[in-house]
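The residues making up each chain are set out below.
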Amino acid sequence: MRLGSRTHSANVDEENPYWISFSDIMAGLLVIFIMASLALILELIQVQEKLKQTQVEVMEAIKEIAKAEQVRRDILYEIKEELMQKNILVEVSDNDSVLRIPDEQLSFRTNEYAIPPEKSSQMIVKAIGNALYSSIIKENRYKYLDTVFVEGHTDSRQSPRHMGNWGLSTFRAISIWNFWNEQLDQEQPLAGLKNHDGKPLFSVSGYAETRPVNLTESNEAELRQNRRIDVRFTVKRPTIHQYEQVNAMMITD
């Protein structure tokens, strides 16, 4: 009876199409594990390659910014040196981003915005403009720049003119700008220069007394320092969209 029972059980197992041995299950699981491991390895390789590419793009952007800032310094100190040889004293300030033209070089009359008619004054303004133009177009440096602002500044004493110090500072900057475009010894006026995006490189603005060099203005020397024309250079930077793309890639990685 027992022998017959074992034989019946064995026959049932052999005939059951759904029977899978333990070794078959383990072999199947091993195959699945290997395939999953390979997929994970491939994904990690792709992530590493993407991260390397992101790092390369970030480093290239940093190099581009560093190059642009060096070009700006070269322009400013080259202009300063050229003008110094002509006994025209200008300053480089604001972390090597601004060419400062002191009031004593421009000699604007009190509450006036027209460039003085004296030949000496007009020669100084012309020399500054020529040096500015020559240095910017040298080796296509303008491609590293975003905007060059010609900024007018006054001291805190209020002008009786229409629009007060705001108008006075703005129109002084406009007078300089118009003079440069009309009188420089260049084939192309400054107004024709374009930045890296093909947009006009120069802009003109006035700040009245809102950005003083000296806060106290306790004497005429300090008042005079606040009366000035600043030529401010901004350099090409990555756009917000580019920053966001890099940031998103870094987070994803």
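Heads up: these notes are all about the structure in this document. (Residues numbered from 1 in each chain as written. Predicted model: local features only at pLDDT ≥ 70, side-chain atom pairs only at ≥ 80, totals over all residues. Heavy atoms only, no water.)

In a regular helix each residue adds 1.5 Å, so 20 residues correspond to 28 Å; helix 5 (residues 164–183) covers 28 Å between its end C-alpha atoms and thus fits that length. What helix 5 keeps buried is the set Gly164, Asn165, Gly167, Leu168, Ser169, Arg172, Ala173, Ser175, Ile176, Trp177, Phe179 and Trp180. Buried residues in helix 5 make contact with strand 2 (98–102), helix 3 (103–106), helix 4 (119–137), strand 3 (145–153), strand 4 (202–206) and strand 5 (228–235). (Helix = DSSP H or I, 4+ residues; strand = E, 2+ residues; numbered from the N terminus. Expected span 1.5 Å × (residues − 1). Buried < 20%, exposed > 50% of the residue type's maximum accessible area, 1.4 Å probe, protein only. Contact = heavy atoms within 4.5 Å.)

Moving on to a nonpolar patch on the surface. The grouping of Leu30, Phe33, Ile34, Leu38, Ile41, Leu42 and Ile45 at the surface amounts to a nonpolar patch, some 690 Å² of accessible area in total. With respect to the element layout, Phe33 can be found in helix 2 (residues 22–84). Here Phe33 falls in the exposed class, since its relative accessible area comes to 56%. (Patch = residues over 30% accessible without salt bridge, like charges linked within 9 Å, V, L, I, M, F, W, Y side chains within 5 Å. Areas by Shrake-Rupley, 256 points an atom, 1.4 Å probe, with all protein chains shown as cover. Salt bridge = Lys/Arg side-chain N within 4 Å of Asp/Glu carboxyl O.)

Core analysis: the biggest nonpolar cluster contains 39 residues, and Leu132, Ile136, Trp180, Leu190, Phe202 and Phe233 have the highest contact counts within it. When residues of this core are traced back to their parent elements, those giving at least two are helix 2, strand 2, helix 4, strand 3, helix 5 and strand 5. At eight residues, helix 4 tops the list of elements feeding residues into this core. Once residues within four sequence positions are removed from consideration, Leu190 is found in contact with Leu132, Tyr133, Trp177, Trp180, Asn181, Leu184 and Phe202. (Core = buried A, V, L, I, M, F, W, Y, C linked by side-chain atoms within 4.5 Å.)

Here Arg224 is to be found in helix 6 (residues 220–226). Taking the C-alpha atoms as reference points, Arg224 and Glu104, separated by 120 residues in sequence, lie 7.8 Å from one another. Arg224 has contacts with Asp103 and Glu104, leaving out every residue within four places of it along the chain.

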